[in-house]
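# Fold and contact review
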Amino acid sequence: MGVICYADDTLVLSRGRNYREAARLAEVGTDLVISRIERLGLRVRIDKTEALLFRGTGRKGPPPGATLLIGGGRVRVSPTMKYLGLTLDGGWTFVPHFKELGPKVVRTAGALGKFLPNLGGPSAACRRLYSGVCRSIALYGAPVWADRPMSRRTKALLRSAQRAPAVRVIRGYRTVSWAAATALSVG
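Within each chain, residues carry numbers counting from 1 in the order of the written sequence. Local features in this predicted model are restricted to residues whose pLDDT is 70 or higher, and side-chain atom pairs enter the listing and the counts only when it is 80 or higher, whereas totals over whole chains, interfaces and linings include all residues. For side-chain calculations, the full set of non-hydrogen atoms in the structure is used, while hydrogens and water are omitted.

The next point concerns the packing of aromatic side chains. When two rings of Phe, Tyr or Trp (its six-membered ring) have centres within 6.5 Å they constitute a pair, described as stacked for plane angles under 30 degrees, edge-to-face for angles over 60, and tilted for the intermediate range. The full count for this structure, using the stated rule, is three aromatic pairs. Aromatic side chains phenylalanine 54 and tryptophan 92 sit 4.8 Å apart centroid to centroid with 15° between the ring planes, which places their arrangement in the stacked category. With phenylalanine 54 in the loop between strand E3 (51-52) and strand E4 (67-70) and tryptophan 92 in the loop between strand E7 (86-89) and helix H2 (95-113), this pair connects stretches of sequence that are 38 residues apart. Ring plane angle 80° and centroid distance 4.9 Å describe the contact between phenylalanine 98 and tryptophan 145, whose orientation is recorded as edge-to-face. With phenylalanine 98 in helix H2 and tryptophan 145 in helix H4 (residues 142-145), this residue pair connects regions lying 47 residues apart in the sequence. The same class applies to phenylalanine 98 as to tryptophan 145, namely buried. An aromatic cluster is defined as three or more aromatic residues linked by ring pairs; in this entry it consists of Phe54, Trp92 and Phe94. Segments assigned H or I by DSSP are reported as helices when at least four residues long, segments assigned E as strands when at least two residues long, and all are numbered from the N terminus. Relative accessible area decides the class of each residue, using a 1.4 Å probe on protein chains only: under 20% of the type maximum gives buried, over 50% gives exposed, and in between gives partly exposed.

Right under this line is the structure:
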């Protein structure tokens, strides 16, 4: 069993030969962590607790309707989980993360674009700042997901998130391809 803490987010990891063993260890480990947190005078909100089964290649997910008994309440084992801004899935594909990421980057690019002048366009420094903000959002969590093999679908989701701000930075038309827009926007 392992525990990872960052600010007020705590992740309890358990490993077992099968789902039943991993679930039992997760319940015991989580109850220990909750009791230690409560001894510090803090409270854990069970209703905000999430559970996810990470699985290896070829392994099945959790049994249908699987739950864990944590802190006197039931927590459903779901197919995805949010942790520190990343949407994790049991197969480490990051497809759910990129599905959420694309619209978020496009919304941010649109909101920032409203501040940019229409006539003459923004200065080079302003475009660099705009590009940097959008790139930071798009690449958030990259140390976690960058080394994973990406499917065509995952690459397409990431590229769609990068395209809109890149086109805006180069002052291009919306018909400009992803490759051309991103190549020109980094220069």
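Further remarks concern empty space enclosed by the protein. Method remark: on a 1 Å grid restricted to protein atoms, a set of points is classed as a cavity if a 1.4 Å probe fits but cannot get out and as a pocket if it is open with protein on both sides within 12 Å along at least five of seven lines; lining residues have an atom within 4 Å of a point. Grid points are joined across faces, edges and corners, and a volume is the space filled by probe spheres set on the points. Within the structure shown, the criterion is met by one cavity of 30 Å³ or more. What lines the largest cavity is simply Trp92, Thr93, Phe94, Phe98, Trp145, Arg148, Pro149, Met150 and Thr154. Side-chain classes are defined by residue name, with Ala, Val, Leu, Ile, Met, Phe, Trp, Tyr, Cys and Pro counting as nonpolar, Asp, Glu, Lys and Arg as charged, and the others, Gly among them, as polar. Of the residues belonging to the lining of the largest cavity, the class tally is six nonpolar, two polar and one charged.

Each regular strand displays side chains that alternate between the two surfaces of the sheet. Any two strands between which DSSP finds at least two bridges are classified as paired. As paired strands, E3 and strand E5 (residues 73-78) are joined by two bridges and run parallel to one another. Within E5, the position partnered with alanine 51 by the bridge is valine 77. Taken together, the four bridges between E4 and E5 define a ladder with antiparallel strand orientation. Of the residues in E5, the one forming a bridge with threonine 67 is arginine 76. Counting the residues that bridge the hairpin from E4 to E5 gives two residues, and of these glycine 71 lies at a positive phi of roughly 55°.

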